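Structural description and commentary
One-letter residues, chain by chain:
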Amino acid sequence: MDIAEINSQFPAIFDVFFFCVGACVGSFLNVCIYRIPKGESIMRPPSHCACGKPIKWFDNIPIAGWFLLGGKARCCGRRISFRYPFVELLTALVFLALWAMNTPYVAFAGMMFSFIMIFCTFVDIDNMMLPDFATIGGTVAGFLISLMMPQIHGAVIPDAPFAASVIASGIKSALGIVVGTGILYWIRILGECVFKKEAMGEGDVLLIGCIGAFCGWQGAMFAIFGGSIIGALTMIPIVATKRLVLKKRGKKARADLDPENDPLAIPFGPWLAFGGMFYFMFVKDLIDMYFAGVSNAFFGI
Ligand SMILES: [Zn+2]
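Note on numbering: residues in each chain are counted from 1, in written sequence order. Per-residue local features are limited, in this predicted model, to residues with pLDDT of at least 70; the limit for side-chain atom pairs, both in listing and counting, is 80 or more; totals at the level of whole chains, interfaces and linings are taken over all residues.

Brief notes about the overall build of the protein chain
Rules: Helix and strand labels come from DSSP, where a helix needs a run of H or I of at least four residues and a strand needs a run of E of at least two; each type is numbered from the N terminus. Values of the radius of gyration come from C-alpha atoms, whereas the globule rule sets the reference at 2.2 Å times the count of residues to the power 0.38. Whether a residue is buried, exposed or partly exposed follows from its count of other C-beta atoms within 10 Å of its own C-beta, namely 20 or more, 12 or fewer, or something in between, respectively; the C-beta atoms are built from the backbone. What counts as a contact is two residues whose backbone-derived C-beta atoms lie within 7 Å of each other.
The secondary structure content of the protein chain amounts to ten helices and zero strands. Mapped from its N terminus to its C terminus, the protein chain presents α and β elements in the order α-α-α-α-α-α-α-α-α-α. Against the globule reference of 19 Å for 301 residues, the protein chain gives a C-alpha radius of gyration of 21 Å, in line with a compact fold. Projected onto the principal axes, the alpha-carbon positions of the protein chain cover approximately 65 × 60 × 30 Å. Sorting the 301 residues of the protein chain into buried and exposed places 33% on the buried side. Contacts in the protein chain between residues at least 24 apart in sequence constitute 68% of all its contacts with a sequence separation of at least 6.

Encoded structure:
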């Protein structure tokens, strides 16, 4: 039986399957996000509460576990952050959507891409930095996956040897890496000249390389500009409110003295990651068509 046959006999069985896989991957992501920046092993020790007691398997069921416990640890009643089930549910929904909306190859590539993006998003929120192994490693992974699955760049050339599609896909991926990092690198330099302080980290420049590797140059462009717009629209009211609260408490003066510990600093990485995922999942065809129209209008190609 092939996939289509199984699908027709048991409708939605793969949807349910990939939702569950996503929930488990999300659970693993929580471990990675929490432990890797601290330099801890992701394998040992097994899941344990902040009080040190091991967590029973039935309390550790993705998404449902948190709700069954009412958000409190069974051992000591400590509150468990809502972020754990949130990351699990987010990953589950992303996996489900990727599976439901794409061919299997593109869906699998998207799952690996979303794993890296969700990891980088929450690590950046927690630590205001992006580890090189995730950004550079993600770029290499994206390039290799592009070679193995030309489908993700729509680079399959019909009636030609597979090698031709591999080369076409590799070029699109490489172009995504170079164009994405190039643009963001220059924005970073210009930003430093204008604002006289670091506007974005090197990690962001490397992260866009990973997005470009998976999404091509169109996806990288969308992540940079779309991500900035969505980020600005969301963050301006939040930062404004925070500023007001800090002013009331008289903490702003101290924050200005210590830029390293600025409570108003916002990481840019999550918005890039969000833009990249949004492109991959929802607007790829639309944006590609737009860029094709622009280049046609300006250069006649
Ligand atoms: Zn406990």
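Focus on the environment of Asp285
When you line up the elements, Asp285 lands in helix α10 (residues 269–299). A C-alpha to C-alpha distance of 20 Å links Asp285 and Phe298, two positions 13 residues apart in sequence.

Side note on the packing of helix α5 (residues 104–127) against helix α6 (residues 132–148)
Cut-off, in case you're wondering: Axis lines are fitted through C-alpha atoms, for helices just across the contact stretch, and the angle between N-to-C directions can take any value from 0 to 180 degrees. Relative orientations are named as follows: roughly parallel for angles under 35 degrees, roughly antiparallel for angles over 145 degrees, roughly perpendicular for angles from 65 to 115 degrees, and oblique for any other angle.
Close contact between α5 and α6 brings their axes to 11 Å; oriented N to C, the two are set at 170 degrees. As the angle between them shows, α5 and α6 are arranged roughly antiparallel. Across the interface between the two elements, Ala109, Met112, Phe113, Ile116, Phe119 and Cys120 from α5 touch Ala134, Thr135, Gly138, Ala141, Gly142 and Ile145 from α6.

Brief notes about α5
In an α-helix, one full turn covers 3.6 residues, which means residues spaced three or four apart are oriented alike. Put simply, the test is: Here the expected span of a helix is defined as 1.5 Å times the quantity of residues minus one.
Helix length check: α5 (24 residues) gives 34 Å between terminal C-alpha atoms against 34 Å at 1.5 Å per residue, within 8%. Met128 lies just past α5 and shows a positive phi near 55 degrees.

Points about unusual backbone geometry
The omega angle of the peptide bond from Arg44 to Pro45 is -10 degrees, so this bond is cis rather than trans. For Pro45, the position within the fold is in the loop between α2 (13–35) and α3 (64–68). With a phi close to 60 degrees, Ile63 is a non-glycine residue in the positive phi region. In this structure, Ile63 sits in the loop between α2 and α3. Look at Ile63 and you get buried, because 22 C-beta atoms sit within 10 Å. Phi at Met128 is positive, roughly 55 degrees, even though this residue is not glycine. By the element assignment, Met128 lies in the loop between α5 and α6. Here Met128 falls in the partly exposed class, since 16 other C-beta atoms lie within 10 Å of it.

Re helix α7 (residues 162–195)
In a regular helix each residue adds 1.5 Å, so 34 residues correspond to 50 Å; α7 covers 49 Å between its end C-alpha atoms and thus fits that length. Listed as buried for α7 are Ser169, Lys172, Ser173, Gly176, Ile177, Val179, Gly180, Thr181 and Leu184. Looking at the residues trailing α7, positive phi occurs at Lys196, about 60 degrees.

Side note on the packing of α6 against α7
Formally: If you view the pair so one helix is near and one far, a crossing is left-handed when the near helix is turned anticlockwise from the far one by less than a right angle, and right-handed when it is turned clockwise. Think of it as three bins: nonpolar holds Ala, Val, Leu, Ile, Met, Phe, Trp, Tyr, Cys and Pro, charged holds Asp, Glu, Lys and Arg, and polar takes everything else, Gly as well.
Contact geometry for α6 and α7: axes closest at 8 Å, N-to-C directions at 155 degrees. One element, α6, and the other, α7, form an angle in the roughly antiparallel class. At the point where α6 passes α7, the crossing takes the right-handed sense. Between α6, through Thr139, Gly142, Phe143, Ser146 and Leu147, and α7, the contact on the second element is made entirely by Val166, Ser169, Gly170, Lys172, Ser173, Ala174 and Ile177. Split into classes, the residues belonging to the contact of α6 with α7 amount to five nonpolar, six polar and one charged.

Some details on the environment of Arg35
Within the fold, Arg35 resides in helix α2. Separated by 88 residues in the primary sequence, Arg35 and Val123 place their C-alpha atoms 9.9 Å from one another. Discounting chain neighbours no more than four positions away, the residues touching Arg35 are Glu40 and Ile42.

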